[in-house]
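Observations on the model geometry
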Amino acid sequence: MKKILVIQQKMIGDVLASSILCNNLRQIYPKAQIHYMVYPFTKPVIENNPNIDKIIRYDDNLKRNKIKLLRFLWHLRKERYNILIDAYNKPESFLATLFSGADLKIGFYKKYTKFLYHYNIELLPQPRTNAGTAIENRMNLLEPIAPNFAFDNRPKIFITETEKQQALENLQAHGISESDPYLLISVLGSEDRKSYPAAYMAKTLDLIAAELGYKLIFNFMPKQAAQAKAIYDLCHPATQSLIVTDLVAKDIRAFLALTHFSKALIGNEGGAVNMAKALYKPTFTIFSTWIKKEAWSSFDNGTTHVSVHLKDFKPELYGGKSPKEMKDKAMELYQAFLPELLQPELQRFMNQVKKT
């Protein structure tokens, strides 16, 4: 029986994207033991995944305590992995790869670490399908062990019946019955440079409320409560009447269950969008002015999954530079990303949502 380690640390969207490796490895090696190394805070998006036998938690504290780090690496080596797939390719995963003693190691090509892996996979400069490079690059990590395999490239999230029932009870407690349509709004990104300006977001919400009349549930981090309130205050009173201000998911699993019953998710690009896609919910994504859309506009089809980027409308603002090269000018660029630019695409998306 093979034992396999997949490594993907840091953010929720990355961990969810790389879970497709575990899903496909189960199809390639049905009887294998599949372990997934992630940061603890990302665990909720992979809980209950039947294709993951063990979640290995890599804590940031390990970087600050050499003795604990060495113990961690020693326990990793004792697992005696046959295959290691490093989808992270950063110093922490280099160490894990080096100490693992795995028979076969696969990672992305970097000139200074190519000696670590038996197979070094080149990153794609541009997407070949609507899955986007974030997904396609991960799928390519499986090519050395399963060339020409019919891969399933869609991340999946598994919600329990208990979690669904708790979500319904939570909704009912806030005056939303099972038949009431509502939208989840990713009202803020993970930081200011990933958040559509407050005034622009409020104007966009006014359009959504006037067009659909659905209840709106904000999604944001607890530390962003004041910023979310500021956006609420900028909305038209008719929009405010549709915003369920006191319904906030207590944790990620609760948010996932709320997403399961929603009509769609609209808002800033980030982990929430990726989670909604993994639950097969329609999404309308507003990309930050400095994030590369080609990587994370996964499964865009112009109908149920739509994303917009300032560069789509005003490429002249970027010149010959990529969005990432313009990171320092992100906030300045946002001022040019007027709500009127994205409204035609948003209108078409809302027309589609009405049909579902």
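Look up: the structure comes first, before these words.
Read on for a plain summary of the structure. (Residues numbered from 1 in each chain as written. Predicted model: local features only at pLDDT ≥ 70, side-chain atom pairs only at ≥ 80, totals over all residues. Heavy atoms only, no water.)

1. Structural notes on the overall build of the chain
Across its full length, the chain carries 15 helices and 11 strands. For the chain, the C-alpha radius of gyration of 21 Å lies close to 21 Å, the compact-globule estimate for 356 residues. Dimensions of the chain along its principal axes, counting C-alpha atoms only, are 60 × 50 × 40 Å. Residue burial in the chain is summarised as follows: out of 356 residues, 53% are buried. Sequence separation of at least 24 residues holds for 63% of the intrachain contacts in the chain that already meet a minimum separation of 6. Accessible surface, the chain: about 16,400 Å² in total, of which carbon and sulfur atoms supply 53%. Taking the average place of the 48 positive charges on the side chains of the chain and the average place of its 35 negative ones, the gap between the two points comes to 7 Å. (Helix = DSSP H or I, 4+ residues; strand = E, 2+ residues; numbered from the N terminus. Rg over C-alpha atoms; globule rule 2.2 N^0.38 Å. Buried < 20%, exposed > 50% of the residue type's maximum accessible area, 1.4 Å probe, protein only. Contact = heavy atoms within 4.5 Å. Areas by Shrake-Rupley, 256 points an atom, 1.4 Å probe, with all protein chains shown as cover. Lys, Arg positive; Asp, Glu negative; His and termini not counted. Charge placed at Lys NZ, Arg CZ, Asp CG, Glu CD.)

2. Structural notes on helix H10 (residues 252–261)
Taken together, the buried positions of H10 are Arg 253, Phe 255, Leu 256, Ala 257, Leu 258 and Thr 259. Two or three places before Arg 253, at the opening of H10, Asp 251 has a side-chain oxygen 3.3 Å from that residue's backbone nitrogen. (Polar contact = N/O pair within 3.5 Å; in protein donor to acceptor, adjacent residues only side chain to side chain.)

3. Describing the sheet that holds strand S3 (residues 54–57)
Ordered by their spatial adjacency, 6 strands build an open sheet running S3-S2-S1-S4-S5-S6, and the pairing between neighbours is parallel. For this open sheet the edge positions go to S3 and strand S6 (119–121), each flanked by a neighbour on one side alone. Taken pair by pair, the neighbouring strands of this sheet meet at an average axis angle of 15°, ignoring direction. Where helix H1 (residues 12–28) meets the sheet, its contacts fall on strand S1 (3–7), strand S2 (33–38) and strand S4 (83–86), and the angle it forms with S2 comes to roughly 170°. This element, helix H3 (residues 66–78), spans S1, S2 and S3 of the sheet and lies at about 155° to S3. (Pairing = 2+ DSSP bridges. Axes fitted to C-alpha atoms, helices over the stretch in contact; angles between N-to-C directions.)

4. Quick notes on the sheet that holds strand S10 (residues 283–286)
Here 5 strands make up an open sheet; going across it, the order is S8-S7-S9-S10-S11 and the pairing parallel. This sheet does not close on itself; its edge strands, each paired only once, are strand S8 (215–219) and strand S11 (305–308). In this sheet, neighbouring strand axes are inclined to one another by 15° on average, regardless of whether the strands run parallel or antiparallel. As judged from the 5 bridges shared by strand S7 (residues 182–186) and S8, these two strands associate in the parallel manner. Bridging from a neighbouring strand, Leu 183 pairs with Leu 216 of S8. Packed on one face of the sheet, helix H7 (residues 198–212) meets S7, S8, strand S9 (264–268) and S10 and runs near 170° to S7. Strands S7, S8 and S9 of the sheet are contacted by H10, whose axis makes an angle of about 135° with S7.

5. Considerations on the packing of H10 against helix H11 (residues 271–278)
One can describe the packing of H10 onto H11 by two numbers: an axis separation of 10 Å at closest approach and a directional angle of 50°. Here H10 lies oblique to H11, going by the angle between them. As H10 runs across H11, the sense of the crossing is right-handed. Across the interface between the two elements, Ile 252, Phe 255, Leu 256 and Thr 259 of H10 pack against Ala 272, Met 275 and Ala 276 of H11. Class assignment for the residues of the contact of H10 with H11 results in 6 nonpolar, 1 polar and no charged. (Parallel < 35°, antiparallel > 145°, perpendicular 65-115°, else oblique. Left-handed = near helix turned anticlockwise from the far one by under 90°. Nonpolar A, V, L, I, M, F, W, Y, C, P; charged D, E, K, R; others polar.)

6. Details of the pairing of S11
Of the two faces of S11, both are covered, the one formed by His 305 and Ser 307 as well as the one formed by Val 306 and Val 308. Pairing of S10 with S11 involves 4 bridges; the strand directions are parallel. Directly across from Phe 284, in S11, lies its bridge partner Val 306.

7. Some thoughts on the packing of H1 against helix H5 (residues 133–140)
Two elements in contact, H1 and H5, have axes whose closest approach is 10 Å; the angle formed by their N-to-C orientations is 35°. Relative to H5, H1 is oriented so that their crossing is right-handed. In this structure, H1 contributes Asp 14, Ala 17, Ser 18, Ile 20, Leu 21 and Asn 24 to the contact, and H5 contributes Ile 135, Arg 138 and Met 139.

8. A word on the packing of aromatic side chains
Enumeration over the complete set of coordinates arrives at 10 aromatic pairs. With centroids separated by 5.4 Å and ring planes inclined at 45°, the aromatic side chains of Phe 149 and Phe 151 adopt a geometry described as tilted. By relative accessible area, which is 30% here, Phe 149 ends up partly exposed. Among the residues examined, Phe 151 registers a relative accessible area of 21% and is labelled partly exposed. Here Phe 313 and Phe 337 contribute two aromatic rings whose centre-to-centre distance is 6.2 Å and whose plane-to-plane angle is 45°, an arrangement assigned as tilted. (Phe/Tyr/Trp six-rings, centres within 6.5 Å; stacked < 30°, edge-to-face > 60°.)

9. Description of the nonpolar core
If you look at the biggest cluster of nonpolar residues, it comprises 62 residues, and the most contacted ones within it are Leu 25 and Ile 145. In this structure Ile 145 touches Leu 25, Tyr 29, Ile 83, Leu 104 and Ile 106, once residues within four positions along its chain are discounted. In this structure, Leu 188, Cys 235, Ala 264 and Leu 310 belong to the second largest nonpolar core, which totals 37 residues. (Core = buried A, V, L, I, M, F, W, Y, C linked by side-chain atoms within 4.5 Å.)

10. A word on the pattern of salt bridges
Opposite charge on two side chains permits pairing when their charged atoms draw close. Under the counting rule described, the total for this entry stands at 16 salt bridges. Salt-bridge contacts for Asp 60 lead to Lys 63; the nearest nitrogen and oxygen are separated by 3.0 Å. Across the pair Lys 354 and Glu 211 runs a salt bridge, and its minimum N-O distance is 2.3 Å. Residue Lys 354 is found in helix H15 (residues 339–355), and its partner Glu 211 is found in helix H7; the two are separated by 143 residues along the sequence. On the basis of relative accessibility, which here comes to 39%, the residue Lys 354 falls in the partly exposed class. Judged by relative accessible area, Glu 211 falls into the partly exposed class, the value being 27%. Among the ionic contacts, a cluster of salt bridges with common partners joins Lys 3, Lys 54 and Glu 79. (Salt bridge = Lys/Arg side-chain N within 4 Å of Asp/Glu carboxyl O.)

This is a description of form; function is not addressed.
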